[in-house]
Structures are given as C-alpha cells and as structure tokens.
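Remarks on the overall topology
These are the residues of each chain, in order.
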Amino acid sequence: MTGMTEQACVLCSEMFELDDMIELAGNRVCAGCKPEYVKMYQQGIMATDYTIARDKKCLVMGVDSRLPDRCVTCNATSD
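Residues numbered from 1 in each chain as written. Predicted model: local features only at pLDDT ≥ 70, side-chain atom pairs only at ≥ 80, totals over all residues. Heavy atoms only, no water.

With four bridges connecting them, strand β3 (residues 21–24) and strand β4 (residues 27–30) associate as antiparallel partners. Its bridge partner lying in β4, I22 is registered against V29. Linkage of β3 to β4, two consecutive antiparallel strands, is achieved through a turn of two residues, within which A25 is found at a positive phi near 55 degrees. (Pairing = 2+ DSSP bridges. Helix = DSSP H or I, 4+ residues; strand = E, 2+ residues; numbered from the N terminus.)

So this is what it looks like as structure tokens:
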C-alpha cells in the first residue's frame, strides 16, 4: 500500500514522493515526464487520455484511454 506522501505520475505511472513531483494543470508529473507533459499540454492533449493503472499483473484503463508512445521495457519514446 502506498503512503500518503507518494503518488503515481500521470504519464509514466511510476510512484514518486510528492516533493519530487510538480503539479501542472491539476495533474502530478515526475521530473522525467515534465517536458513531454508540457508539450502535450501545449498541443491540447489531455493527460487523462493516457490515464491507466495497474492491478497486480492486470492493466486497467478506460475504453477511450490511449497508451503513450513509449517502450514498455525502458520507457523511451517510440518513433
């Protein structure tokens, strides 16, 4: 169980201490995802389009959710 001082980044879904994250447009983002999030925000792409979660080994996401263009192994952006 996650403590109250941690939250998942809205883009990469990794858990971070709140002090290590920034809040942009009502969403918490880690430092590594900040440039991508700002770019998406400027283009009008909502972070909620990418909202996904994990329940043990299952991926949980809405019907209209999109997966980010990232490698599932290293999290690098894809071409």
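In this fold, E17 is placed in strand β2 (residues 15–17). Residue E17 is classed as partly exposed on the basis of its relative accessible area, which comes to 35%. Along the chain, E17 and E6 lie 11 residues apart, while their C-alpha atoms are 4.3 Å from each other. A distance of 3.1 Å separates a polar atom in the side chain of E17 from a polar atom in the side chain of T5. (Buried < 20%, exposed > 50% of the residue type's maximum accessible area, 1.4 Å probe, protein only. Polar contact = N/O pair within 3.5 Å; in protein donor to acceptor, adjacent residues only side chain to side chain.)

Read these as spatial facts, not as claims about activity.
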